[in-house]
Amino acid sequence: MRKRTEPVALEHERHAASGSSSAGSAAAALDADCRLKQNLYLAGPGPAEPRCAADAGMKRALGRRKGLCFRLRKILLCVVGLYMAIPFLIKLCPGIQAKLIFLNFVRVPYFIDLKKPQDQGLNHTCNYYLQPEEDVTLGVWHTVPAVWWKNAQGKDQMWYEDALASSHPIILYLHGNAGTRGGDHRVELYKVLSSLGYHVVTFDYRGWGDSVGTPSERGMTYDALHVFDWIKARSGDNPVYIWGHSLGTGVATNLVRRLCERETPPDALILESPFTNIREEAKSHPFSVIYRYFPGFDWFFLDPITSSGIQFANDENVKHISCSLLILHAEDDPVVPFQLGRKLYNIAAPSRSFRDFKVQFIPFHSDLGYRHKYIYKSPELPRILREFLGKSEPGRQH
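Reading guide: rules and limits
Residues numbered from 1 in each chain as written. Predicted model: local features only at pLDDT ≥ 70, side-chain atom pairs only at ≥ 80, totals over all residues. Heavy atoms only, no water. Core = buried A, V, L, I, M, F, W, Y, C linked by side-chain atoms within 4.5 Å. Buried < 20%, exposed > 50% of the residue type's maximum accessible area, 1.4 Å probe, protein only. Domains from an automatic or database assignment. Contact = heavy atoms within 4.5 Å. Helix = DSSP H or I, 4+ residues; strand = E, 2+ residues; numbered from the N terminus. Salt bridge = Lys/Arg side-chain N within 4 Å of Asp/Glu carboxyl O.

### Regarding the nonpolar core
Then step 1. Within the largest apolar cluster, 69 residues are counted, with the highest numbers of intra-cluster contacts made by Phe 102, Leu 172, Leu 174, Phe 203, Ile 242, Leu 269 and Phe 312.
Then step 2. Counting contributing residues per domain, this core is built from domain 1 (63-92 + 282-308) and domain 2 (117-281 + 309-389), each supplying no fewer than three.
Then step 3. The contacts of Phe 312, once residues within four sequence positions are left out, are Phe 102, Glu 217, Met 220, Leu 247, Gly 250, Val 251, Asn 254, Phe 275, Thr 276, Asn 277 and Ile 278.
Then step 4. If you look at the next biggest cluster of nonpolar residues, it comprises 30 residues, including Tyr 173, Leu 193, Tyr 198 and Tyr 241.

### Overview of unusual backbone geometry
Then step 1. The step from Val 108 to Pro 109 runs through a cis peptide bond, and the omega angle for that step is -5°.
Then step 2. Turning to its location among the elements, Pro 109 is positioned in the loop between helix H3 (94-102) and strand E1 (125-133).
Then step 3. In this model, Phe 312 sits at a positive phi of 45°, which is unusual for a non-glycine residue.
Then step 4. By the secondary structure assignment, Phe 312 is in the loop between helix H9 (297-307) and helix H10 (314-317).
Then step 5. Of note in the backbone geometry, Arg 371 takes a positive phi value of approximately 50° without being a glycine.
Then step 6. Inspection of the secondary structure assignment puts Arg 371 in the loop between strand E8 (359-364) and helix H12 (381-389).

### Some thoughts on the pattern of salt bridges
Where charged atoms of side chains with opposite charge meet at close range, the side chains can pair.
Then step 1. Using the criterion set out here, one finds 15 salt bridges in the structure.
Then step 2. Measuring nitrogen to oxygen at the nearest pair gives 2.7 Å for the salt bridge that ties Asp 210 to Arg 181. Residue Asp 210 is found in the loop between strand E4 (199-203) and helix H6 (217-235), and its partner Arg 181 is found in the loop between strand E3 (170-174) and helix H5 (184-195); the two are separated by 29 residues along the sequence.
Then step 3. On the accessibility criterion, Arg 181 (0% relative accessible area) is buried.
Then step 4. Because the salt bridges share partners, they merge into one network encompassing Glu 133, Arg 206, Arg 218 and Asp 223.

Shown next as structure tokens:
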């Protein structure tokens, strides 16, 4: 009995030992499999996974590229649509073109008090207001010759008005479009002219600066006429010269033509950076470059100017002017091309109206960099004015 049970017990022990060893090996195999998976995970994706990631990246890049192209096409269509719409808008609303010519809504420099010219370094200047018409008020600056700057301190408007009757000549300055009578380059010119012994009277046309009214060529010309008559009523026999710059040359020739027709011409006319007429100037202006070869350019852009009553026909006016004429123009003028100033001189020089008066054209080389509004910087300007205005009596010179 004992012998029979002993083998059974031994067999059970062997089964138990083998079972425990197989269980241990299974656990060990499981642990090894887990470690292998962990190592594969830490090592990164397998060879198939990079291909999937690369494909996904390419798809995202293509999607972004397509989105960018779509946005660029959309912007391009908007730009082209706007480019095509502007000519029709200007044709339908000619007042827009008038605004672009006058630019009276552009007030630079900003935040200056036009009632205080001394803030701009003009401590011998008086500000006052004239009223040429009902509902129209003009802001005026009167700068006396620099030699009087001490005497001018604290003086009132009456003193300045009386000073016009002194022995110093007077320049009525008519500025161009945009800005005000307090523009930087304009103030610098006043200082130069004042240092040369001139009274300088300047003003903002109706609708400019602190002047009240609606801009128009007729209105601007009448404003200039009113200020001229105001000066002549106070200046006695002192010479009065008229100086126009850029768009102000159009006002100046309108004014002087009218003065000559009523036989009260100024002593001389000075045109700085002049054009022939507003149509030619508009066609030559840098802003017109992108439309210059647009089909129907004249019909879309130039005819609305004429229909608005804006001409500024310097080329016609000079044929009816009977006083000495000086034209100043920089060769590198980017706003009013030099050839327009030369063309105006070529029209004026042989005109019968100037047969007893001087007509002179002074070019400034492009290397000097005076461009459109910096001729006042020329060290030759005092000599040019002295020689021209000092001999402005009849006796034609070219």
